[in-house]
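Each chain, written out:
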Amino acid sequence: MKYNVPTPKRQVAMVLDLNKCLGCHTCSVACKKLWNSDDGTDYTYWNNVETMPGKGYPAQWPQTGGRTATGEVKQGELPNLDNAYGRAWTFNNKAVLATDQASKKKEWLRPQESPTWGPNWDEDHGAGQYPQENHYFYLPRLCNHCEKPACLDACPRQSIYKREEDGIVLVDQDKCHGYRFCVEACPYKKVYFDHQRQVAAKCIFCMPRVEEGTAPACARQCPGRLRFVGYRDDKDGPIHKLVDKYKVALPLHPEYGIGPNVFYVPPMSPPKLDDQGRPLDEMRISMSYLENMFGKAVHGAMDTLLAERDKRRQEQPSELMDLLIAYDWNESFKLDGKTREVI
Ligand code: SF4
Ligand code: SF4
Ligand code: SF4
């Protein structure tokens, strides 16, 4: 099926600067606590943070779904609950609490099962030979509130819609019959299935907060100050500057053809070392790896980032570096010109 939904009047969007993510998972916890604590979705994270290079969550998510070159929705596959998502663990809390603290044989907190996979299973593993070229970076992910959402077109009941006022993509769970075609079709695997309520569930871009001019919880709580939120058409806002003016914020896997509205500033990385420990003229995270994630535009983006960083090192002004450093968090969130102190 081809995309057939009018363009929204405005589009809210997010930029994440991957040079600043600490991998602290505050964003995931903020989202989970606020919106998504149902038993049927205990295994899901509307926001999650992956270590790259790595398998991601669900494992190997970039392999199925999206659109063909002519715009048709590809069917994709359902990720497996055991091997791709990993079920939520239960812990031996009772045994730990019952342990006699004076005893020499202490009971340590551990999962009751013997899991072989789960979110962040390969956290901080990364790639490359130590110490010459080892590297990793964090990739926080949420629904992209796409221009042409594959999830929307895949739903035979028209349960998924894109809001006219801000382009947020939502599931009408009253209409949803739990077919999971949306889960299959989303190439980012950012729709989940609530096994208890038998409906689809996904990031709502903190719609009630956005309506009040408050940034989404995952962005507002981020201690790394790497998230920027605003409307695509706000020429004075951070999104326009990073995406359109400086062109340093890029969609993840643009080749999927569904127009994400979450963008990433690609990670700069330290140089590789030779056998004597001397720096080489090559970054640890290869440009071919980044091109695979962000497309060819990553080369221009990286050139701009390195040039602006050099300017700043030479104590020359750089609007781009000032913006990315985010001295004042209020400047990172521009929702209808309003900023709010609400956490
Ligand atoms: Fe739908 Fe979000 Fe997936 Fe885009 S990223 S196809 S809007 S669930
Ligand atoms: Fe969760 Fe809101 Fe962030 Fe979406 S925008 S991932 S709902 S905190
Ligand atoms: Fe990264 Fe911010 Fe999430 Fe921490 S809260 S993992 S710094 S995006």
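The paragraphs below set out a description of the structure included in this document.

Cut-offs used in this document
Residues numbered from 1 in each chain as written. Chains lettered and ligands numbered in written order. Predicted model: local features only at pLDDT ≥ 70, side-chain atom pairs only at ≥ 80, totals over all residues. Heavy atoms only, no water. Helix = DSSP H or I, 4+ residues; strand = E, 2+ residues; numbered from the N terminus. Contact = heavy atoms within 4.5 Å. Polar contact = N/O pair within 3.5 Å; in protein donor to acceptor, adjacent residues only side chain to side chain. Near = heavy atom within 4 Å. Nonpolar A, V, L, I, M, F, W, Y, C, P; charged D, E, K, R; others polar. Expected span 1.5 Å × (residues − 1). Buried < 20%, exposed > 50% of the residue type's maximum accessible area, 1.4 Å probe, protein only. Arc of directions from axis to C-beta. Axes fitted to C-alpha atoms, helices over the stretch in contact; angles between N-to-C directions. Parallel < 35°, antiparallel > 145°, perpendicular 65-115°, else oblique. Pairing = 2+ DSSP bridges. Salt bridge = Lys/Arg side-chain N within 4 Å of Asp/Glu carboxyl O.

Re the environment of His-145
Phase 1: Within the secondary structure layout, His-145 lies in the loop between β3 (137-141) and α4 (150-154).
Phase 2: Between the C-alpha atoms of His-145 and Arg-163, which are 18 residues apart in sequence, the distance is 9.9 Å.
Phase 3: Among residues more than four places away in sequence, those in contact with His-145 are Gln-11, Lys-162, Gly-167, Ile-168, Val-169, Lys-202, Cys-203, Ile-204, Phe-205 and Asn-261.
Phase 4: For His-145, the side chain forms a polar contact with the main-chain nitrogen of Val-169, separated by 2.9 Å.

Considering the site of ligand 2
Phase 1: For ligand 2, the full set of nearby residues is Cys-31, Trp-35, Trp-46, Asn-47, Leu-142, Cys-203, Ile-204, Phe-205, Cys-206, Pro-216 and Cys-218.
Phase 2: Residues belonging to the shell around ligand 2 are distributed by class as follows: ten nonpolar, one polar and no charged.

Here we look at the side chain of Lys-272
Phase 1: Examined against the element boundaries, Lys-272 turns out to sit in strand β11 (residues 271-273).
Phase 2: Setting aside residues no more than four positions away along its own chain, Lys-272 makes contact with Gln-132, Glu-133, Arg-278, Pro-279, Leu-280, Glu-282, Met-283 and Arg-284.

A word on helix α10 (residues 297-313)
Phase 1: Taking 1.5 Å per residue, 17 residues should reach 24 Å; α10 reaches 25 Å between its end C-alpha atoms and fits that length.
Phase 2: Turning to α10, its buried residues are Val-298, Ala-301, Met-302, Leu-305 and Glu-308. The buried residues of α10 occupy an angular sector of 135° when projected down its axis, which confines them to one face.
Phase 3: Buried-residue contacts for α10 involve β9 (250-251), β10 (262-265), β12 (279-283), α9 (287-294) and α11 (319-325).
Phase 4: Count one or two residues on from α10 and you reach Glu-315, which has phi positive near 60°.

What about helix α8 (residues 238-245)?
Phase 1: For α8, the tally of buried residues reaches six of eight residues, placing the bulk of the element in the interior.
Phase 2: Every buried residue belonging to α8 is among Pro-238, Ile-239, His-240, Lys-241, Leu-242 and Val-243, and all of these are buried.
Phase 3: Lys-247, located one to two residues past α8, shows a positive phi value of around 55°.

Quick word on the packing of α9 against α10
Phase 1: Where α9 meets α10, the axes come as close as 8 Å, and the angle between the chain directions of the two elements is 120°. The angle between the axes of α9 and α10 places the two elements in the oblique class. Residue-level contacts link Met-287, Leu-290, Glu-291 and Phe-294 of α9 to Val-298, His-299 and Met-302 of α10.
Phase 2: A per-class count over the contact of α9 with α10 returns five nonpolar, one polar and one charged.

Here's the deal with unusual backbone geometry
Phi is mostly negative for residues that are not glycine, and the peptide bonds are mostly trans.
Phase 1: Following Met-52, the chain continues to Pro-53 via a peptide bond in cis, the omega torsion being -5°.
Phase 2: In this fold, Pro-53 is placed in the loop between β2 (48-52) and α2 (81-85).
Phase 3: Omega for the peptide link from Tyr-57 to Pro-58 comes to -5°, which places this bond in the cis form.
Phase 4: Note on placement: Pro-58 falls in the loop between β2 and α2.
Phase 5: The phi dihedral of His-25 is positive, around 70°, even though this residue is not glycine.

Quick word on the pairing of β12
Phase 1: Across two bridges, β11 lies against β12 in antiparallel orientation. Paired with Leu-273 across the strands is Pro-279, a residue of β12.
Phase 2: The antiparallel pairing of β11 with β12 creates a hairpin that spans five residues between the two strands, and Gly-277 there sits at a positive phi of about 80°.

Observations concerning the pattern of salt bridges
Phase 1: Going through the model one piece at a time under the given rule, you end up with 21 salt bridges.
Phase 2: The closest approach of N and O atoms between Arg-10 and Asp-233, which form a salt bridge, is 2.8 Å. Taken together, the residues Arg-10 in the segment before β1 (12-17) and Asp-233 in the loop between β8 (227-231) and α8 connect sequence positions 223 residues apart.
Phase 3: Taking the relative accessible area as the measure of exposure, Arg-10 reaches 24% and is therefore partly exposed.
Phase 4: Measuring nitrogen to oxygen at the nearest pair gives 2.7 Å for the salt bridge that ties Arg-87 to Asp-82.
Phase 5: Here Asp-82 falls in the partly exposed class, since its relative accessible area comes to 40%.

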